[in-house]
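# Structural features, examined
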Amino acid sequence: MRIWKFPLVITDRQVVSVPVGAQMLDVQMQGDTPCLWAMCREASEPQPRTIAIYGTGNPLPATPGRYIATFQESAFVWHVFDLGRP
């Protein structure tokens, strides 16, 4: 097992390729880039996962996904959720 970093973009939804069974740990800014850290098995095959980012005060869907973390970027606060496989 290792902890790997996956850079994100601040957008409503994006697909990230992570190893099967990856455990999402946290999202924080590293410099100017939001990054997702996940605990991964090295030998696992990659799989796509849909990540959603919602801004504070914005409407959420009825099923927003599994909460991962909240992070700040400048004056904005973002909330990151795992929607699973696309």
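This is a predicted model, so every value here is computed, not measured.

### Some points on the overall build of the chain
Secondary structure assignment for the chain yields zero helices and seven strands. Across its three principal axes, the chain shows a C-alpha extent of roughly 40 × 30 × 15 Å. Counting contacts in the chain only where the partners sit at least 6 residues apart, residues at least 24 apart contribute 64% of the total. In the structure as shown, the chain presents an accessible area of about 5200 Å², 53% of it carried by carbon and sulfur atoms. When the 7 basic and 7 acidic side-chain charges of the chain are each reduced to a single mean position, those positions are 8 Å apart.

### Some thoughts on the environment of Pro 7
Inspection of the secondary structure assignment puts Pro 7 in strand β1 (residues 2–7). Setting aside its immediate chain neighbours within four residues, Pro 7 contacts Thr 33, Pro 34 and Cys 35.

### A short note on the side chain of Gln 14
Counting through the fold element by element, Gln 14 comes out in strand β2 (residues 13–19). Note on Gln 14: relative accessible area 13%, which makes it buried. A polar atom in the side chain of Gln 14 sits 2.5 Å from the backbone oxygen of Val 9. Discounting residues that sit within four places of it in the chain, Gln 14 has contacts with Leu 8, Val 9, Arg 49, Thr 50, Ile 51 and Ile 53.

### Topic: the nonpolar core
In this structure, Phe 6, Met 24, Val 27, Leu 36, Ile 51, Ile 68 and Val 80 are the most contacted members of the largest nonpolar core, which totals 17 residues. Contributing elements (two or more residues each) for this core: β2, β3 (23–30), β4 (33–40), β5 (46–55), β6 (66–73) and β7 (76–84). Excluding anything up to four places from it in sequence, Val 27 contacts Leu 8, Cys 35, Leu 36, Ile 68, Ala 69, Thr 70, Phe 71 and Val 80.

### Observations concerning the pattern of salt bridges
Per the stated rule, a full pass over the model turns up two salt bridges. A salt bridge links Arg 2 to Glu 42, with the shortest nitrogen-to-oxygen separation between them at 2.7 Å. Pair noted here: Arg 2 is in strand β1 and Glu 42 is in the loop between β4 and β5, with a separation of 40 residues, a long-range link. In this structure Glu 42 comes out as partly exposed when scored by relative accessible area, which is 46%. Note that Arg 49 and Asp 82 form a salt bridge whose closest N and O atoms lie 2.5 Å from each other.

Reading guide: rules and limits
The numbers attached to residues start from 1 for each chain and follow its sequence in the written order. Side-chain atom pairs in this predicted model are given and counted only at pLDDT of 80 or more, local residue features only at pLDDT of at least 70, and totals for whole chains, interfaces and linings cover all residues. Excluded from the side-chain calculation are hydrogens and water; included are all heavy atoms of the structure. In DSSP terms, a helix is any run of H or I states spanning at least four residues, a strand is any run of E spanning at least two, and both are numbered starting from the N terminus. Two residues qualify as a contact provided that any one of their heavy atoms is within 4.5 Å of a heavy atom in the partner residue. In this description, accessible areas are obtained by the Shrake-Rupley approach with a 1.4 Å probe, and a residue is regarded as covered only by the protein chains that are shown. Counting rule for charge: Lys and Arg are taken as positive, Asp and Glu as negative, and neither His nor the chain ends is counted. Charge positions are represented by NZ for Lys, CZ for Arg, CG for Asp and CD for Glu. Whether a residue is buried, partly exposed or exposed follows from its accessible area with a 1.4 Å probe, protein chains only, as a fraction of its type maximum: under 20%, in between, or over 50%, in that order. Any N or O atom pair separated by 3.5 Å or less is treated as a polar contact, with the protein-specific requirement of one donor-capable and one acceptor-capable atom, and with residues adjacent in sequence counted only for side-chain atom pairs. In plain words, nonpolar cores are sets of buried Ala, Val, Leu, Ile, Met, Phe, Trp, Tyr and Cys residues tied together by side-chain atoms within 4.5 Å. The salt bridge definition used is simple: a Lys or Arg side-chain nitrogen within 4 Å of an Asp or Glu carboxyl oxygen.

Honestly, it's all geometry; don't read function into it.
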